[in-house]
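Geometric and topological summary
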Amino acid sequence: MRVPYGWMADYCDPGLLPRDLAERMAMTGTEVERVVTLGPPSAEGFVIGKVLDVVKHPDADRLNVCQVDTGDAGSADGGRTIVCGAPNVAAGQTVVVALPGAVMPGGMKIKQAKLRGVESNGMICSDRELELGEDHNGILVLEDGPAAGTPAAGVLPLAEPVLELEVTPNRTDCFGIYGVAREAHAISGAPLAPAPWDGGPIGPGVGSESGDLERLGDPAGAVKTADRARVLVRDEELCPRFTARGYAEVKVGPSPRWLRSRLIAAGMRPISNVVDITNYVMWLTGQPMHAYDLDLVPEGELVIRRAENGEKVAALDGNDYELTDRMVAVADRNGLAGIGGMMGGSVSEVSDSTTTVLMEAANWNGPNILRTSRDLGLRSEASSRFEKQLHPDLTLRAQAVAARLMVEVCGATPMTGIVDIAAPVPAAEPIWLRAGRVERILGLAIDTDRQARALEMLGFGVQRDGKDLLVSVPPDRHYDVTREIDLVEEVGRISDLDRNLPATLPSGPGRPGGLSRQQVLQRRAEDSLRESGFDEMVGWSFTDPNEKDRLRLDPEDPRAGAVRLANPLSEEQSLMRTTLLGSVLGAAQRNLSRGADRVALFESGRVYLPAAAFGPGPLGGDFPGNTRPPFNEPQHLCGLAVGSVDPSTWRGEASGADFFALKGVLEHLAGSLGTAVSVERIPGAPTQPFLHPGKSGVVRVDERPIGWIGEIHPLVAAEYDLDCAVAFEIALADLLQASPVGEEAYRDFTPFPPVDRDLAVLVAEEMPASSVLAAVRDSGGELLASVSVFDVYSGEGVGEGEKSLALRLRFRAPDRTLSDEEIEPIWSGIIAALEEIGGKLRG
Amino acid sequence: MVERIEQIEAEAKAAIEAASSATDIEEARVRYLGRKAELTGILRGISDLPPEQRGPVGSTGNKVRKALEGLIEAKVDSIRHAELEKSLAGDRIDVTLPGSPARRVGHLHPITRTRRMIEDVMVGLGYQVMEGPEVEHDYYNFTALNHPEGHPARMLQDTFYVEDEQHVEQVLLRTHTSPMQVRAMEAAPPPLFMIVPGKTYRRDSDATHSPMFHQVEGLAVGEGITLADLKGTLLAMLREIFGPDREIRMRPHFFPFTEPSVEFDVSCFRCGGSGSLDDGSRCGLCKGIGWIELGGAGMVDPNVFGFVADSGYDPDSVTGFAFGFGVERIAMLRHGVGDLRLFFDNDMRMLEQFS
Ligand SMILES: [Zn+2]
C-alpha cells in the first residue's frame, strides 16, 4: 500500500519526518518497506513562472527563447531568459521553472548554460520531468492563479514522500489512506480530521460546501437510481451487499491535476475522471468500486449470481476469463458483465462517449474471492482487498465519497437514492476488556486511562465500568478485533512496548529440559561418522521421478515413490525421497565433477514412506498428537565413499575405500553406540537392485534387518559418473533401539587367565565366515569366551572351490584356571560341529 | 696405617672422579677394591696388627671401602645415563612428518552445528526437544493454528500439497514447525516447554528463499507466562548465540496463531547496533539499521488453546508464548554465508570449512 505523505496529511499530519514516521509505524505493527521520494529529491529551486514572451531560437529550429517572470531578481528586467524545446510553450502560460541549482529527479543539477549561443537560466519543466505524470507532449501548463515566484511545492506535490506499507492481512483498514491516517493519529497524538465520508476533506479540488449529500442526491425531479438500474443478488453468501448509484450528464475526460498526481503517487495510472474516481475512492476508503456505462447495460439490469461452468467474460484488462460455478459474476441480459470482486467486464466499460454512469460499491465473500483469484491467476487491487474480507458497511462510505467527486470532477447529476441490497450482518457485540487482563498477557501494567485513550485514538468506542472497559468495534476492524485478547494487542502495540516491556523469564513450574536418549544417541551416531572422516551433507527432500530408474528400483518397489506433490516447483522436485542414496550419489557426482579427487559423505535425514505399517517416529516411538501423520518418516543414515577415506601418507599409498573399509565405518558407528551390527547375505532373498550382487549384504542388528551395505552396482555408478563407490544406508531408530548406552549393567570380570587355541578349517568358498563362527559359538558352550577369524586363505595347498579360515578361540572360566582336560571335550564338540557344516580341519 | 688408608681414599676418589667411561671405572674398582687391592690387603691382614691398632684400622678401612663402593656405583650410573643419552640423541626421527595412519577429520554440516547449538541453549533454559512430521495434515498446519479455510493468511505461505486419496483432509508439506505446537499440547498437559527443530517447505525459490529450509519452533505454556517472558527468553537465547552484548527488539506484527504477535530483531553484532562501522561507513550486515530481523513470535492465541482444550489448556488459566525462526538465517549470519542455496549444494569445499 503506497501512502503519499501529503494525501495522508489531509487527515492527520503527525509532524514527523517520513523516515521517523516509518520507524514509529514499524514499531506499532505496520511494516514500512521503504520511503521513496517522488519527483526531485528536494523542492528547492522549483518556482512558478509566467511566460512573458516566446521567440524562435535564431540558430535552432526546435528551440524557443523564452522570457519568464520568476518573481525574483533574475527576472526583474523583462524576464529570465530560458531556452525551451517544448512545442507547446506560449506566452501567457503559468509554468514550473527549475532555477539554476535545482536538482531534477535522477540527480541532474540545473546550471546556467549556453544553448546554441543563447544563455539559458533555468528550465521549464514537463510533467514527466517532475515525475508528476506520463504526459510527454510538452511542458506542464498550470491554470492561472499562483503568482510568479511562488514555490512550486505549494501548488504541486514536488518531492512527495511516499510510504510503502506492508500491511498485514488482518488490517484491512490500512488499505485506505484514511485508515493509515488514523494509525498515524494513534501513534503520534496529532489531531485527526473527520473521515471523508463524514464531512472531512476529500481532495484539494473538492470544496467542503459540496458536503450536503442528501441535497446533492435529491434534486427536485431527478431520476431515481432504482428506475434506471435493476439489481438482483441471487447469492447473498458470495455477495453480502451490493450498492449502486446512478449519475446522469457525466462529462468524461481527463481528471484534474491534483487527482491525477495523487493516483500517480499512489502507483496507479490515471485513465479518465470516472475511472480515476473509483480508484481514488478505493485508495482513500479501502472500498473498491466499479463504474458501468449504464447505457451499455441493457435495461439497466444486473444480476449477481454464480457463474456457470465454462462461462466466459471479456474483462477490462483485455483478457477473456473462463469461470466456474464456484465463482461469482455480474451478469447483464446478454451475458457476463464482470467477475465479482475481481474485475469489471469490457462490455459496459466507461469510455469518452459515456454520459450515464452506474457506480458500484459491493461487498464480496473473502474466501471465495481468494479462491477465485488463485484459480484464475488474476489479482487486482480490488481482489487483494476483498479477499481479506471487508465489512459490508464500507460500501456506503465509498458511495458517499464518490458522489461528491462525481459532482465536482465530472459535473455529473446524481440520481436519487442508492440501490442497496444487503444481507443482514450480525451486529458486533461490544467486548469487555477486564482490569488486569493487559498486564496478565503482556507482563506490563498499563493504567486504565491509557488503555482507554489508546483504543479511542484507534477508532474504538470505549465505555468505562470501574476498571473494566466495554469496547465497541468500528466496521473497518470488525473481522480483526473480535475478542478481549485482540484489544490487549491493540493496547499493547500503541504503548511503546519496545521501550517499556521488561525482559523476564517464566517463573512458574516447568519440567527439566533436555534431549531425549534417542536424540543424544543420534548425535553420537552422526559424530561417529564425522570421526570416520565423512563430511555431513543435507540433501533435498525432493527428488525426481527418474531417480527410481537410475537406482534400478522395480516400479512395484515401495521406494519407487510414496509421496507425490500436487504442485511441485518442477518435475525434478515432484516426489519426496524414499532413500537417501540418490541425494548422496548426486552430491558425490557434483563434487567429483568439480575436481574433488575423493568423496566421503554422509547424510542423516528422513525418508518418506507409505504409512501402511504406521510405525515409529523418526527415532522410534510415535509422533505426539491425536492424529497419526499421513506418512511414515523414519530417520536414515547413509554413507558413501569414492576413493580413499583416509589420505595417502609418506608411509604408503592409501587404498581406495572398498566394501570392508565401509563395513569398518559401519562397525565403528555401531560400536560407538555400544552395539554391533552383522552383515549377511540372506539365501534366496533378492539383493538391492542398486548394489553389486556379489559385494553387498543386509545389515542386521540383533537378527533384525536395519539396512544395506555394498558396492554400488556399476550401472548405477555410471548413471552418476562414478567409477566405483561403496555405500550403506540404515534406519537409525532400529540401531538406537539396540543400543545399551546408559543402560549397561556391570558384570564382574574374572581374574583367571584365558586359554587361547587356534585352528584352521577348510570350507567351501561360498560358505560365509559368519556361519563358521556361528557353528563354533553354538558348540563352544559357556566356557568359549570369543572366537574370531584371523586369516582367510585360498590358493596353493587348498583345494579348488575351498578356502581356509584360521580361527582364534579363547576359553575362560570365571572361577578357575582352565585345564587342558576341561577344554578337550569342548574342543572335540567344536570340531564335530565344524565337520557337520562341511568343514575339514587342516594340519 | 690409618693415615695410609686415608691416603688410599684420596687417591681412589680422584681416580673415580676422573673416570669417563665404563672401562675407566672398572679399572678403578679393581685397583682400589679388587682382591689384590692395597685396602683389601690391609683389611685382610687386620688380625696381624697389634690389638690397640685393630679397632681404628678396621673401622676406618671399612668406612672408606663402603664410601668408595658408593662412589663407584654412583659414577657407573652417571656414566651409563650419559652413554644412553648420547645414543638416544643420535636416534632421530622427523617429527614434522604426518601421523600414521593419517586420519581424515570429517565435518558436520553447518545447519546441524547451528541446530545443535540452538538446541543446547534452549535445553539449558529448560526446554525439551521434540520432532514432528514434515508431511502433515492440513488440520495441524493451518486449521488448528487458527487459519480457517479461505483465510488470507494461508496465502502468506505458498504451500506444497501432496497428491493423496487416502486421507479426508488435505495433506501437505508443513510450511512451518508450528504444527508441533498442537501435537505437543494434545500429547501432554501444561506446563509445556519445548522446541521443535526441523525441515519446513514453501513453494518459493531464489537467493533468499529455498523451497526447503529449517526452522526452530519454541513453545512455552503454563500459568502466568507473559509477553515479557517471551522477550526475556528470546533475549537469553540470542545472547548465547550472538554474544552477551546483544539487545532484542520486538515489533508488533500479525500471525493467525499468536495474539499479540511480534517480529523480533537482534541488535547487529558487527556494528554493535549503531548501523555504522568504526570507519564511519554503513554496516553492510544490518544495512545501516542496527537491527537484524530474525523471526516471529507472540502469545499463543486463545483459539489455538481451544483446539487442545481437552488436554487441559484453558485460556483462562494458562497463557503461553511461541516463537519461530530460520536455522539457515542464523548460520548465514554467524558464518557469513551469502547465498542460502550453498547449504544444499553440499560442495565439500564449503562443508569442510566448518568444524
Ligand atoms: Zn550492523
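Thoughts on the overall build of chain A
Across its full length, chain A carries 22 helices and 40 strands. Taken over the C-alpha atoms alone, chain A extends approximately 130 × 75 × 60 Å along its principal axes. In chain A, of all internal contacts separated by at least 6 residues, the share reaching a separation of at least 24 is 70%. A total of about 36,300 Å² of accessible surface is found on chain A, and carbon and sulfur atoms cover 49% of it.

Quick notes on the overall build of chain B
The number of helices and strands found in chain B is 13 helices and ten strands. Based on the C-alpha atoms only, the size of chain B along its principal axes is roughly 130 × 50 × 45 Å. Taking all 355 residues of chain B together, the buried fraction comes to 54%. Counting only contacts in chain B whose residues sit at least 6 apart along the sequence, the fraction spanning at least 24 positions is 66%. Carbon and sulfur atoms provide 50% of the accessible area of chain B, an area that totals close to 15,900 Å². The centroid of the 38 positive side-chain charges in chain B is displaced by 11 Å from the centroid of its 54 negative side-chain charges.

What to know about the coordination of the zinc ion
Coordination angles at a metal have ideal targets, namely 109.5 degrees for four tetrahedral donors and 90 or 180 degrees for six octahedral donors. Residue and element names in this part refer to chain B. Those protein atoms acting as donors to the zinc ion are Cys268 (SG), Cys271 (SG), Cys283 (SG) and Cys286 (SG), and they sit at 2.2 to 2.3 Å. Coordination at the zinc ion is tetrahedral: its four donor atoms span angles of 104 to 116° at the metal. Ordering the donors of the zinc ion by residue number gives the pattern C-x2-C-x11-C-x2-C. Pair noted here: cysteine 271 is in the loop between strand 8 (258-267) and strand 9 (291-300) and cysteine 283 is in the loop between strand 8 and strand 9, with a separation of twelve residues, a long-range link. As far as the burial class goes, cysteine 271 and cysteine 283 line up, both buried.

Here we look at the interface of chain A and chain B
One frequently used descriptor of interface size is the decrease in accessible area upon assembly of the parts. Listed as interface residues are 99 residues of chain A and, on the opposing side, 102 residues of chain B. Summed over both partners, the interface of chain A with chain B comes to about 8,800 Å²; 55% of that surface belongs to carbon and sulfur atoms. On inspection of chain A and its partner chain B, the count reaches 13 salt bridges. The shortest N-O distance in the salt bridge between glutamate 31 of chain A and arginine 251 of chain B comes to 2.6 Å. For the pair chain A and chain B, the interface holds 54 residue pairs in polar contact (both at pLDDT 80 or more). A per-element tally of the side of chain A that touches chain B places helix 15 (residues 517-531) of chain A first, with seven residues. Its residues assigned to classes, the side of chain A that touches chain B shows 44 nonpolar, 23 polar and 32 charged. As paired strands, strand 29 (residues 564-565) of chain A and strand 3 (residues 162-163) of chain B are joined by two bridges and run antiparallel to one another. Looking at the pairing, leucine 565 of chain A lines up with valine 162 of chain B of strand 3 of chain B.

With respect to the packing of helix 6 (residues 257-266) of chain A against helix 7 (residues 273-285) of chain A
All names here are of chain A. Following both chains from N to C, one finds helix 6 and helix 7 inclined at 55°, their axes separated by 10 Å at the closest point. The angle between the axes of helix 6 and helix 7 places the two elements in the oblique class. Seen along the crossing, helix 6 lies across helix 7 with a hand that is left-handed. When helix 6 is examined against helix 7, the residues Trp258, Leu259, Arg260, Arg262, Leu263 and Ala266 are found in contact with a partner set consisting of Asp276, Ile277, Asn279, Tyr280 and Trp283. Residue composition of the contact of helix 6 with helix 7, grouped by class: seven nonpolar, one polar and three charged.

A few points about the confidence of the model for chain B
Confidence in the prediction of chain B, expressed as mean pLDDT, is 91, and 98% of residues score 70 or more. Reported confidences for the modelled complex are a pTM of 0.87 and an ipTM of 0.87.

As for the domain arrangement of chain A
Once the domains are mapped, chain A shows domain 1 (2-37 + 161-193), domain 2 (46-158), domain 3 (210-422), domain 4 (431-499), domain 5 (517-737) and domain 6 (755-841). Placing the centre of domain 1 of chain A and that of domain 2 of chain A at their C-alpha centroids yields a distance of 34 Å.

A look at the packing of aromatic side chains
According to the stated counting rule, one finds 20 aromatic pairs over all chains in the structure shown. Relative to tyrosine 140 of chain B, the ring of tyrosine 139 of chain B has its centre 5.2 Å away and its plane inclined at 80°; by these criteria the two rings are edge-to-face. Under the relative-accessibility criterion, tyrosine 140 of chain B is labelled buried at 1%. For the ring pair phenylalanine 242 of chain B and phenylalanine 269 of chain B, a centre distance of 5.1 Å and an interplane angle of 15° mean the geometry is stacked. Residue phenylalanine 242 of chain B is found in helix 9 (residues 227-242), and its partner phenylalanine 269 of chain B is found in the loop between strand 8 and strand 9; the two are separated by 27 residues along the sequence. Classification of phenylalanine 242 of chain B as buried rests on a relative accessible area of 9%. Taken together, the ring pairs in this structure connect Trp540 and Phe542 of chain A together with Phe160, Tyr201 and Phe344 of chain B into an aromatic cluster. The ring centre of tryptophan 283 of chain A lies 4.8 Å from the NZ or CZ of arginine 385 of chain A, which sits over that ring. The cationic tip of arginine 757 of chain A hangs over the ring face of tryptophan 827 of chain A; the distance from NZ or CZ to the ring centre is 5.3 Å.

Overview of the side chain of asparagine 64 of chain A
Residue and element names in this part refer to chain A. As for its position among the elements, asparagine 64 is in strand 4 (residues 60-69). A relative accessible area of 8% places asparagine 64 in the buried class. A polar atom in the side chain of asparagine 64 sits 3.3 Å from the side chain of lysine 56. In this view, asparagine 64 contacts Val54, Val55, Lys56, His57, Ile82, Val83, Cys84, Ala86 and Val89; residues no more than four positions away in its chain are not counted.

Observations regarding the pattern of salt bridges
Residues and elements named next belong to chain A. Per the counting criterion, the structure on display carries 72 salt bridges over all chains. A salt bridge links aspartate 127 to arginine 257; its shortest N-O distance comes to 2.8 Å. Here arginine 257 lies in helix 6 and aspartate 127 lies in the loop between strand 9 (123-124) and strand 10 (141-142), a separation of 130 residues in the sequence. Exposure remark for aspartate 127: the relative accessible area of 5% places this residue in the buried category. Of the residues examined, arginine 257 reaches a relative accessible area of 17% and is grouped as buried.

A look at the side chain of threonine 579 of chain A
Residues and elements named next belong to chain A. By the element assignment, threonine 579 lies in the loop between strand 30 (575-576) and helix 17 (581-593). A relative accessible area of 5% means that threonine 579 is categorised as buried. For threonine 579, the side chain forms a polar contact with the main-chain nitrogen of leucine 581, separated by 2.9 Å. A distance of 2.7 Å separates the side chain of threonine 579 from the side chain of glutamate 729, its partner in a polar contact. Excluding its chain neighbours within four sequence positions, the residues that come into contact with threonine 579 are Glu547, Leu551, Val607 and Glu729.

Remarks on the sheet that holds strand 10 (residues 319-326) of chain B
Residue and element names in this part refer to chain B. Pairing is mixed across the open sheet formed by seven strands, whose spatial order is 1-5-6-10-9-8-7. Strands with a single pairing partner mark the edges of an open sheet, and in this sheet they are strand 1 (128-129) and strand 7 (248-255). Here two bridges tie strand 1 to strand 5 (residues 192-201), and the two strands are oriented parallel to one another. By the bridge assignment, glutamine 128 is partnered in strand 5 with methionine 194. Its contacts with the sheet place helix 5 (residues 110-124) against strand 1, strand 5, strand 6 (212-222) and strand 10, and it is angled at close to 165° to strand 5.

Scoring rules and cut-offs
Residues numbered from 1 in each chain as written. Chains lettered and ligands numbered in written order. Predicted model: local features only at pLDDT ≥ 70, side-chain atom pairs only at ≥ 80, totals over all residues. Heavy atoms only, no water. Helix = DSSP H or I, 4+ residues; strand = E, 2+ residues; numbered from the N terminus. Contact = heavy atoms within 4.5 Å. Areas by Shrake-Rupley, 256 points an atom, 1.4 Å probe, with all protein chains shown as cover. Buried < 20%, exposed > 50% of the residue type's maximum accessible area, 1.4 Å probe, protein only. Lys, Arg positive; Asp, Glu negative; His and termini not counted. Charge placed at Lys NZ, Arg CZ, Asp CG, Glu CD. Donors = N, O, S within 2.8 Å, 3.2 Å for Na, K, Ca; no water. Tetrahedral: all angles 85-135°; square planar, octahedral: opposite > 155°, others 65-115°. Buried area = accessible area lost by both parts, 1.4 Å probe. Salt bridge = Lys/Arg side-chain N within 4 Å of Asp/Glu carboxyl O. Polar contact = N/O pair within 3.5 Å; in protein donor to acceptor, adjacent residues only side chain to side chain. Nonpolar A, V, L, I, M, F, W, Y, C, P; charged D, E, K, R; others polar. Pairing = 2+ DSSP bridges. Axes fitted to C-alpha atoms, helices over the stretch in contact; angles between N-to-C directions. Parallel < 35°, antiparallel > 145°, perpendicular 65-115°, else oblique. Left-handed = near helix turned anticlockwise from the far one by under 90°. pLDDT = per-residue confidence, 0-100. Domains from an automatic or database assignment. Phe/Tyr/Trp six-rings, centres within 6.5 Å; stacked < 30°, edge-to-face > 60°. Lys NZ or Arg CZ within 6 Å of the ring centre and 35° of its normal.

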